[in-house]
Amino acid sequence: MLDDFLTRAVLGAVGVALAAAPLGGFVAWRRMAYFGDATSHAAILGVALALALSVPIFAGTLVVALAMAFLVAHLTDRGMGADLLLGVASHGALAAGLVAVSFVEGARIDLSALLFGDILALGKGDLLVIWGGGLVVAALIFWRWRRLLTATLSADLAFAGGIDPEREKRILMLALALVVAAALKIVGALLIGALLVIPAAAARPFARTPEMMVAGAAVAGVVAALLGLWAAWVFDTPAGPSIVCAAVVLFALSTLTRLRG
Amino acid sequence: MTALITASSLGVRLGGRRVLHDVDFRIAPGEIVTVVGPNGSGKSTLLRSLIGAVRSETGTVTRKDGLRLSYVPQRLQIDPSLPMTVGRFLDLPTPATGAARQAALAEAGAGELPARQLADLSGGQMQRVLLARALLNRPELLLLDEPTQGLDQPGSAAFYQRIEALRDRTGCAILMVSHELHVVMSASDRVICLNGHICCEGHPETVAQAAEYRALFGSGTGGALALYRHEHDHGHAHDHDHGHDHNHDHGSAPRHDHAEAG
Ligand SMILES: Nc1ncnc2c1ncn2[C@@H]1O[C@H](COP(=O)(O)OP(=O)(O)OP(=O)(O)O)[C@@H](O)[C@H]1O
Ligand SMILES: [Mg+2]
């Protein structure tokens, strides 16, 4: 069954949508959308380094994305304006990644695949990475759910309840780096942030609790993945951007329904 | 007497500024202590250092082993992207039974709110919900940062009565920040006057007469003191008809220090 490239594409896209859902909620609630972008742009640098050092791509992207997340978080805590800093980090990482890629000998890298994903070239190993990474993310967030939520509401309430909000933040950054590394092949470095934020935004109007929002984001993400793949197949459009477009349509429908109702 | 929490020669620096220095503080079981001081005098910072949210530059904060404390922040801003019902909020971080949640909400005067969205609450409603959440883990020490801000007049009066009743019933110690000097004077066992350091502290009446206090609060002082005396006279003359028993023995009698020059 896994020998069919279309089956692999569907499984990969659905896996990434499910992995992104619980994290997408936190990205929205903590206003980390641009933080997510900076982290995913760093993945390009990760790919270049992985090729240069001949280590697995997944490991390269994971490590560089994680390093980026911690660096930005650290600088933000030092009082630098978050918005400005993220602007520097996000664009800087993208540019540095593109420059680094050009240095890798033989130009074995398909730049468009890196930026926008190459879902139809998904291998069995990629599926393993996506579902394995997704399971780890889900387990991490499920395990720390109440603590993560408390720390998201207020660092002071967390401290008073014996929770270290800094540790919870590090856990979210680890989860973010995992999702970035897993999703790179599906939607590419430029659109990973979209996969985190848009399904969560589509779920927001109908959610009364954080749990409902995450469940809604998972449903919206999976529907967008299937719709996007179908559209890519029928209209011969790039798969990653098509998935994101489908998610935007769901968001628009959800928001409009709510405004009417 | 074993203190619940002790700060000794505590100093805190925030953003390069010295916000607190040489603060010695302790609170005993069942004590109601109020911190007063002008805006920016470090009241919130003191409470936040006690819960471990800000690192001290000098000195130490020590807690009794296994101390159960609850904290009500000065304000809580909810991001509009976060859907959260009041009932669900009370479940964080420790899950509570529906009955316990309802009881806590009723006790805080917010019994009708459990299904409402947190982000939709008015300031006063939010304050009540925060108090309900603080009551849920049966605290031994309750830290309240300006708990009556945004409460209507009857709500504020009822609040101080609830606090005192809570202390009498559960023996819970209470440390609160307040700007309502006249109420503070009647509702506290001890008042701490803070302005970067502890200017003076002690029994409300003593503090109200201290030069340091008068220097900070000036003209308001006379009125506050008059009210304080009035409420005391009132309580004794009319057989405690408004439910305040100022001669009440709280088992572990609170410290009634005399004001020291800061
Ligand atoms: N994160 C921070 N970084 C830098 N300075 C801070 C920070 N938090 C507080 N401060 C400063 O510390 C001082 C004390 O602040 P704090 O909030 O403790 O005052 P407060 O007594 O609670 O005032 P208010 O009555 O207005 O609530 C203020 O001068 C404030 O500007
Ligand atoms: Mg304050």
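Here the structure is a predicted model, which is why all the values come from computation and not from measurement. (Residues numbered from 1 in each chain as written. Chains lettered and ligands numbered in written order. Predicted model: local features only at pLDDT ≥ 70, side-chain atom pairs only at ≥ 80, totals over all residues. Heavy atoms only, no water.)

On to the pairing of strand β2 (residues 17-27) of chain B, then. Look at any regular strand and the pattern is simple: side chains alternate between the two faces of the sheet. All names here are of chain B. As paired strands, strand β1 (residues 5-14) and β2 are joined by 7 bridges and run antiparallel to one another. Counted as the bridge partner of T6 is R26 from β2. Two successive antiparallel strands, β1 and β2, enclose a turn made up of 2 residues, where G15 displays a positive phi of approximately 50 degrees. (Pairing = 2+ DSSP bridges. Helix = DSSP H or I, 4+ residues; strand = E, 2+ residues; numbered from the N terminus.)

Next up on the list: the interface of chain A and chain B. Each partner contributes residues to the interface: chain A has 21 residues there, and chain B has 28 residues. A buried area of about 2,200 Å², summed over both sides, lies between chain A and chain B, and 59% of it is on carbon and sulfur atoms. Where R31 of chain A meets D79 of chain B, a salt bridge forms, and the shortest distance between an N and an O atom there is 2.3 Å. Applying the counting rule to chain A against chain B returns 10 residue pairs in polar contact (both at pLDDT 80 or more). When contributions to the side of chain A that touches chain B are tallied by element, the ones reaching two or more residues are α1 (5-29), α7 (145-153), α8 (155-160) and α11 (210-235) of chain A. It is α7 of chain A that provides the largest number of residues to the side of chain A that touches chain B, a total of 5 residues. Taken together, the residues of the side of chain A that touches chain B break down into 12 nonpolar, 3 polar and 6 charged. (Contact = heavy atoms within 4.5 Å. Buried area = accessible area lost by both parts, 1.4 Å probe. Salt bridge = Lys/Arg side-chain N within 4 Å of Asp/Glu carboxyl O. Polar contact = N/O pair within 3.5 Å; in protein donor to acceptor, adjacent residues only side chain to side chain. Nonpolar A, V, L, I, M, F, W, Y, C, P; charged D, E, K, R; others polar.)

Before going further, it helps to spend a moment on the coordination of the magnesium ion (ligand 2). Residue and element names in this part refer to chain B. Taken together, the protein donors to the magnesium ion (ligand 2) comprise S44 (OG) and Q74 (OE1), at separations of 1.9 to 2.1 Å. With S44 in helix α1 (residues 43-50) and Q74 in the loop between β5 (69-72) and α2 (86-89), this residue pair connects regions lying 30 residues apart in the sequence. When its relative accessible area of 24% is taken as the criterion, Q74 is described as partly exposed. (Donors = N, O, S within 2.8 Å, 3.2 Å for Na, K, Ca; no water. Buried < 20%, exposed > 50% of the residue type's maximum accessible area, 1.4 Å probe, protein only.)

Before going further, it helps to examine the sheet that holds strand β3 (residues 32-36) of chain B. Residues and elements named next belong to chain B. Across the sheet, 6 strands lie side by side as β5-β6-β7-β3-β8-β9; this open sheet has mixed pairing. The open sheet is flanked by β5 and β9 (198-202), the only strands paired with a single partner. In this sheet, neighbouring strand axes are inclined to one another by 15 degrees on average, regardless of whether the strands run parallel or antiparallel. Relative to strand β7 (residues 173-177), β3 runs parallel, the two sharing 4 bridges. Residue pairing across strands places V35 opposite V177, the latter belonging to β7. Contacts from helix α5 (residues 153-170) reach β3, β6 (141-145) and β7 within the one sheet, and its direction differs from that of β6 by about 165 degrees. (Axes fitted to C-alpha atoms, helices over the stretch in contact; angles between N-to-C directions.)

All names here are of chain B. Taking strand neighbours across the sheet as the criterion, the 3 strands line up as β2-β1-β4 in an open arrangement whose pairing is antiparallel. Both outer strands of the open sheet, β2 and β4 (58-63), are each paired with one neighbouring strand and no more. The average undirected angle you get between the axes of adjacent strands in this sheet is 25 degrees. Most of the contacts of α1 go to β1, to which it runs at about 120 degrees, and overall it touches β1, β2 and β4.

The next point concerns unusual backbone geometry. Cis geometry is adopted by the peptide bond preceding P93 of chain B, which originates at L92 of chain B and carries an omega value of -5 degrees. Note that P93 of chain B resides in the loop between α2 and α3 (98-107). Backbone geometry places D236 of chain A, a non-glycine residue, at a positive phi of 55 degrees. Inspection of the secondary structure assignment puts D236 of chain A in the loop between α11 and α12 (239-260). Among the residues examined, D236 of chain A registers a relative accessible area of 68% and is labelled exposed. The phi dihedral of R138 of chain B is positive, around 40 degrees, even though this residue is not glycine. Here R138 of chain B lies in the loop between α4 (123-136) and β6.

With that settled, the discussion passes to the environment of G150 of chain B. Within the secondary structure layout, G150 of chain B lies in the loop between β6 and α5. In the structure, G150 of chain B is positioned 85 residues away from D65 of chain B in sequence and 35 Å away in space, judged by C-alpha atoms.

All names here are of chain A. Spanning 23 residues, helix α9 (residues 165-187) covers 31 Å between terminal C-alpha atoms, matching the ideal 33 Å at 1.5 Å per step. Residue A181 marks the point of greatest curvature in α9, where the axis turns by about 30 degrees. Among the 23 residues that make up α9, 18 are buried, leaving the element largely enclosed by the rest of the structure. Just downstream of α9, G188 is the residue with a positive phi angle, here 85 degrees. (Expected span 1.5 Å × (residues − 1). Bend = angle between axes of the 7 residues up to and from the residue.)

To continue, consider empty space enclosed by the protein. Evaluation of the coordinates by the stated rule reveals 2 cavities of 30 Å³ or more. The computed volume of the largest cavity comes to approximately 60 Å³. Lining of the largest cavity is provided by A13, V16, A17, I186, V187, L195, P199, G221, A224, A225, I243 and A247 of chain A. Looking at the lining of the largest cavity, the elements that each hand over two or more residues are α1, α9, α10 (192-203), α11 and α12 of chain A. Considered class by class, the residues forming the lining of the largest cavity number 11 nonpolar, 1 polar and no charged. Estimates place the volume of the second largest cavity at around 50 Å³. Contributing to the lining of the second largest cavity are A108, Q127, R128, L131, P147, L151, G155, F159 and R162 of chain B. (1 Å grid on protein atoms, 1.4 Å probe; cavity = no way out; pocket = protein on both sides within 12 Å on 5 of 7 lines; lining within 4 Å. Points joined across faces, edges and corners; volume = space filled by probe spheres on them.)

All names here are of chain A. In this structure, the largest pocket encloses a volume near 1,400 Å³. Together, 34 residues line the largest pocket, and R30, D77, A155, E166 and K169 are the ones closest to its centre. Those elements that provide at least two residues to the lining of the largest pocket are α3 (57-77), α4 (82-103), α7, α8 and α9. Considering each element in turn, the lining of the largest pocket owes the most residues, 6 residues, to α3. Split by residue class, the lining of the largest pocket holds 18 nonpolar, 6 polar and 10 charged.

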